[in-house]
Amino acid sequence: MAVYADMKVHCGPDFVTLMWTESRPQADTSLLRLGSCFPTSFSTGEAYFYVDLTDCNFKILVTGDVLLYSNDLTYAASDDSYNLAFTHPVVCAYERPKDWYSSQQIYDPVFKTYGLGDLQFTISLMNDDFSGPAEFTSYPLGSIIPIMASVVQKTHQPLLLLLEECVAATTPELHPESTMYPIISNKGCLLESVSSQSKFEPRQKSSEMRLSLQTFKFAMGEEVYIHCKLLAWDPNGLDSTKKACHFVKGHGWELLDDLAQSNLCDCCESKCKSRRQRSVASEKHGMVQKAVIGPFTITDVNS
């Protein structure tokens, strides 16, 4: 451990917390990453992570009766920073349950879920009224980027499409050293809606989501990609980790699909975690797919 910082890790039953305390005055704690995850919160000199073991690209190593979950805490220093980039290992060890077996097999994803048939996810840049694909890929700073995601299902059973997570990046693939900008995080919270005009548009159908994203100051003039995690879910199974929430000025956080249940969005200011016991059965109510849109560019009209 470096002498200029302190790292405290707590290994929970299915989650990890990590507190990084930094003594270097020039260090930007927002640049810390635990695997692929951004800090849950950060301030001058501190960064805090609260993450599930199934998130952030944790790796599992089985050694006898012990399960080791490992990841890396990385600091991606900016080009004009005096602080050097670094990587620190983060490891949690657990007693291996007798009935445990590895589910992390490598395979080509086939979008079939319990009783739901084949699923096909799409996400794309759209024109102003969402009636067709975008006619250009350059957006002035402050303008609106219409984005539509959908899931096509060969079944009569309805599914609700959710955007669980979206980040902007300058690369078509995400890496720990990638320059990233969080858009949707914390299991469906549209972070950009707090400080801009970004919002989820009213649904036309449950299997489709429309996002009006106001452009932000990020990688100006460079190619930008948006990486999203799409979730097709049981419409009757909404909870604090299966939701679409945006911030409405004068009202606070609101649930897109049912204003009466907007209390599910209260955790958008902290850490959203399901109260229900995680189980294989509950995971069969939906399917997750990662998707990328872009490239496009954000331009500064004043430059």
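Nothing here was measured: the structure is a model prediction, and the numbers come from that model.

Some remarks on the overall build of the protein
Phase 1: Helix and strand counts for the protein come out as one helix and 21 strands.
Phase 2: Looking at the protein residue by residue over its 303 residues, the buried ones come to 46%.
Phase 3: Considering only intrachain contacts with a sequence separation of at least 6, the fraction spanning at least 24 residues in the protein is 65%.
Phase 4: On the protein, roughly 16,600 Å² of surface is accessible, and the fraction owed to carbon and sulfur atoms is 52%.

Here we look at the pairing of strand β5 (residues 46-52)
Side-chain direction in a regular strand flips from residue to residue, so the side chains alternate between the two faces of the sheet.
Phase 1: Most of β5 sits inside the fold, with five of its seven residues counted as buried.
Phase 2: Inspection of the sheet shows strand β2 (residues 15-22) paired to β5 by seven bridges, in the antiparallel sense. By the bridge assignment, Leu18 is partnered in β5 with Phe49.
Phase 3: Where strand β4 (residues 41-43) meets β5, three bridges bridge the pair, whose relative direction is antiparallel. If you follow Ser43 over to β5, its bridge partner there is Glu46.

Some thoughts on the sheet that holds strand β15 (residues 189-190)
Phase 1: Here we have eight strands laid out as an open sheet, ordered β11-β21-β18-β13-β14-β15-β19-β20, and mixed in their pairing. Sheet topology places β11 (138-140) and β20 (252-255) at the edges, where each strand pairs with a single neighbour.

What to know about the nonpolar core
Phase 1: Core analysis: the biggest nonpolar cluster contains 49 residues, and Ile123, Ile147, Leu163, Ile183, Phe200, Ile226 and Leu230 have the highest contact counts within it.
Phase 2: Counting residues per element, this core draws most heavily on strand β18 (residues 224-233), which supplies seven residues.
Phase 3: Those residues in contact with Ile123 that sit more than four places away from it in its chain are Ile147, Met148, Ala149, Leu163, Cys228, Leu230, Ala291, Val292 and Ile293.

Things to note about the sheet that holds strand β1 (residues 5-11)
Phase 1: The four strands lie next to each other as β1-β2-β5-β4, forming an open sheet whose pairing is antiparallel. Every interior strand has two partners, whereas the edge strands, β1 and β4, have only one. Going across the sheet, the axis of each strand differs from the next one's by a mean of 10°, ignoring polarity.

Side note on the side chain of Ser178
Phase 1: In this fold, Ser178 is placed in the loop between β13 (160-169) and β14 (180-185).
Phase 2: Beyond its immediate stretch of four places on either side in the chain, Ser178 contacts Thr171 and Glu173.

Digging into the environment of Tyr181
Phase 1: For Tyr181, the location among the structural elements is in strand β14.
Phase 2: With relative accessibility at 23%, the residue Tyr181 sits in the partly exposed group.
Phase 3: Apart from residues no more than four positions distant in its own chain, Tyr181 is found in contact with Phe38, Val167, Ala168, Glu192, Phe216 and Phe218.
Phase 4: Within the structure, Tyr181 has its side chain in polar contact with the side chain of Glu192 (distance 2.7 Å).

Thoughts on the environment of Asn57
Phase 1: When you line up the elements, Asn57 lands in the loop between β5 and β6 (59-63).
Phase 2: Linking Asn57 and Leu34, residues 23 residues apart in sequence, is a C-alpha distance of 8.9 Å.
Phase 3: The contacts of Asn57, once residues within four sequence positions are left out, are Ser36, Ser70, Asn71 and Lys290.
Phase 4: Within the structure, Asn57 has its side chain in polar contact with the side chain of Ser36 (distance 3.4 Å).

Considering the pattern of salt bridges
Side-chain pairing between opposite charges can occur once the charged atoms of the two side chains come close.
Phase 1: One pass over the structure, following the stated rule, counts six salt bridges.
Phase 2: Between Lys229 and Glu164 there is a salt bridge whose closest N-O contact spans 3.8 Å. On the criterion of sequence distance, the pair formed by Lys229 in strand β18 and Glu164 in strand β13 is long-range, its members being 65 residues apart.
Phase 3: The exposure class of Lys229 is buried, given its relative accessible area of 17%.
Phase 4: The salt bridge involving Arg210 is made with Glu208; its shortest N-O contact spans 3.1 Å. No difference in accessibility class separates Arg210 from Glu208, as the two residues are buried.
Phase 5: Because the salt bridges share partners, they merge into one network encompassing Asp14, Asp52 and Lys273.

Comments concerning the pairing of strand β19 (residues 245-248)
Phase 1: In this structure, β15 lies alongside β19, joined through two bridges in parallel fashion. Paired with Leu190 across the two strands is His246, which belongs to β19.
Phase 2: Bridge count for β19 against β20 is four bridges, and the pairing is antiparallel. Bridge assignment links Cys245 to a residue of β20, and that residue is Leu255.

Details of the state of the cysteines
Phase 1: According to the stated counting rule, one finds six disulfides in the structure shown.
Phase 2: Across the disulfide, Cys189 is cross-linked to Cys268 (sulfur-sulfur distance 2.0 Å). In this structure the cystine formed by Cys189 and Cys268 twists about its S-S bond by roughly -85°; its chirality is therefore left-handed. Highlighted residues: Cys189 in strand β15 and Cys268 in the loop between β20 and α1 (280-283), separated in sequence by 79 residues.
Phase 3: A sulfur-sulfur distance of 2.0 Å marks the disulfide that ties Cys245 to Cys265. Measuring handedness by torsion sign, the sulfur bridge of Cys245 and Cys265 sits at about -80° and is left-handed. Of this pair, Cys245 sits in strand β19 while Cys265 is found in the loop between β20 and α1, placing the two residues 20 residues apart along the sequence.
Phase 4: Within the protein, bonded cysteines paired by disulfides and numbered along the sequence follow the pattern 1-4, 2-3, 5-7, 6-11, 8-9, 10-12.

Calculation notes
- Residues numbered from 1 in each chain as written.
- Predicted model: local features only at pLDDT ≥ 70, side-chain atom pairs only at ≥ 80, totals over all residues.
- Heavy atoms only, no water.
- Helix = DSSP H or I, 4+ residues; strand = E, 2+ residues; numbered from the N terminus.
- Buried < 20%, exposed > 50% of the residue type's maximum accessible area, 1.4 Å probe, protein only.
- Contact = heavy atoms within 4.5 Å.
- Areas by Shrake-Rupley, 256 points an atom, 1.4 Å probe, with all protein chains shown as cover.
- Pairing = 2+ DSSP bridges.
- Core = buried A, V, L, I, M, F, W, Y, C linked by side-chain atoms within 4.5 Å.
- Axes fitted to C-alpha atoms, helices over the stretch in contact; angles between N-to-C directions.
- Polar contact = N/O pair within 3.5 Å; in protein donor to acceptor, adjacent residues only side chain to side chain.
- Salt bridge = Lys/Arg side-chain N within 4 Å of Asp/Glu carboxyl O.
- Disulfide = S-S within 2.5 Å.

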